[in-house]
Amino acid sequence: MSDTSGAMIEAIGLSKEYGLFAATQNISFSVPRGQVAAFLGPNGAGKSTTMKLLTGFLAPTAGTAKIGGFDVSTDRLKAAEILGYLPENGPLYLEMTPSEILDFLGSARGMTRSRLNERLEFVANKCSLKGVWGKPISKLSKGYRQRVGMAQALLHDPQVLILDEPTSGLDPNQTHDVRELILSLAKTKTILLSTHILQEVRAVCSRVILINEGRLVLDGTVDDLEQGERGMEARFRELTGAAK
Ligand code: ADP
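Keep in mind the model is a prediction, meaning the values are calculated, not measured.

Reading guide: rules and limits
All residue numbers refer to positions counted from 1 along the written sequence of the respective chain. In keeping with the model being predicted, local features are shown solely for residues with a pLDDT of at least 70 and side-chain atom pairs are shown and tallied solely at 80 or more, while totals for entire chains, interfaces and linings include all residues. Side-chain figures throughout are based on the complete set of non-hydrogen atoms in the structure, without hydrogens or water. To qualify as a helix, a DSSP run of H or I must reach at least 4 residues; to qualify as a strand, a run of E must reach at least 2; elements of each kind are numbered from the N terminus. We call a residue buried when its accessible area falls under 20% of the maximum for its residue type, exposed when it is over 50%, and partly exposed in between, using a 1.4 Å probe and counting protein chains only. We call two residues in contact whenever any of their non-hydrogen atoms come within 4.5 Å of each other. Any pair of Phe, Tyr and Trp rings, taking the six-membered ring for Trp, is counted once the centres come within 6.5 Å. Such a pair is stacked with planes under 30 degrees apart, edge-to-face with planes over 60 apart, and tilted for the rest. Comment: the charge-over-ring label is applied if NZ (Lys) or CZ (Arg) is within 6 Å of the ring centre and within 35 degrees of the ring normal. A 1.4 Å probe that fits into a set of points on a 1 Å grid over the protein atoms alone but cannot get out defines a cavity; an open set with protein on both sides within 12 Å along at least five of seven lines defines a pocket, and lining residues are those with an atom within 4 Å of a point. Grid points are joined across faces, edges and corners, and a volume is the space filled by probe spheres set on the points. Only Asp, Glu, Lys and Arg are considered charged in this grouping, and only Ala, Val, Leu, Ile, Met, Phe, Trp, Tyr, Cys and Pro are considered nonpolar; every other residue, Gly among them, is considered polar. The domain limits used here are those given by an automatic or database domain assignment.

Draft legend 1. The arrangement of the side chain of Gln 35 in detail. With respect to the helices, strands and loops of the structure, Gln 35 is situated in the loop between β2 (21–32) and β3 (36–40). Look at Gln 35 and you get buried, because its relative accessible area is 18%. Each residue touching Gln 35, except ones within four places of it in the same chain, is listed here: Lys 189, Thr 190, Ile 191, Ser 206 and Arg 207.

Below, the structure is given as structure tokens:
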């Protein structure tokens, strides 16, 4: 069933255990339509794991993930139709060119030839890929690989984007370009993006969801994280146990 409450991304008591180790414990939050939310936490906090649970790439030990009201484990195809995901490790098929991989993924999604051509043109422009369109991904820099990943996520014009560290490993110019891209997408999409760069939060997000050691420790506005004079860095350190 499609949701009517306006929540486009929902984590409902999500837990993931690897043997005896709990990577995430009872994580619950929801992101309403049109919001750009930052998913923050130190390395190893459980951000990527939660994103894989939300996108249906991993099955939870307990809890439910919903995209646009569709349960990602029982209504997988409907959820996938409205979801674009940038995974943490970028594109997988390194021997393919951006043109080939995007064409392949669009066909696999059942897009018609004319629609796919239109979307290929759009993402090639939007992600500035024209100059490397026919080069194998193995020969591309980290920045360009990240753009191919963004193009993959945007190809079917999804309403919801889950972006795992979209600016990780990029130089300042590339970081600026990706932030501008996210800001332009924010006008029409619901976005959850993970980062451990606090500047990024102020630049693109209105909402902050902070986790530490697999647990939710703050869900609020950017102002809640800043708390006046003390600043975001101090508050982050306090909430994630590093404020000594
Ligand atoms: P983050 O994205 O916040 O850096 P992750 O979600 O990647 O954190 O990892 C959370 C914790 O789960 C880490 O301690 C990590 O080592 C552990 N972890 C992640 N994947 C696995 C796995 N496949 N098997 C065992 N432990 C894992």
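Draft legend 2. Highlighting the packing of aromatic side chains. In total, this model carries 3 aromatic pairs according to the counting rule given. With a centroid separation of 5.6 Å and 45° between ring planes, the pair formed by Phe 29 and Phe 39 is classed as tilted. Separated by 10 residues along the polypeptide, Phe 29 in strand β2 and Phe 39 in strand β3 bring together distant segments of the chain. For Phe 39, a relative accessible area of 0% translates into the label buried. A cation over an aromatic ring shows up here: Arg 147 above the ring of Tyr 144, its NZ or CZ 4.6 Å from the ring centre.

Draft legend 3. View of the layout of surface pockets. The computed volume of the largest pocket comes to approximately 920 Å³. In this structure, the largest pocket is lined by 30 residues; those nearest its centre are Phe 57, Tyr 85, Leu 105, Arg 109 and Gln 152. Elements with a contribution of two residues or more to the lining of the largest pocket: α1 (47–55), α2 (76–81), β6 (83–86), α3 (98–108) and α5 (142–154). No other element matches the 5 residues that α2 contributes to the lining of the largest pocket. Broken down by class, the residue content of the lining of the largest pocket amounts to 17 nonpolar, 8 polar and 5 charged. Built from parts of two domains, the lining of the largest pocket gets at least three residues from each of domain 1 (1–82 + 158–244) and domain 2 (90–157).

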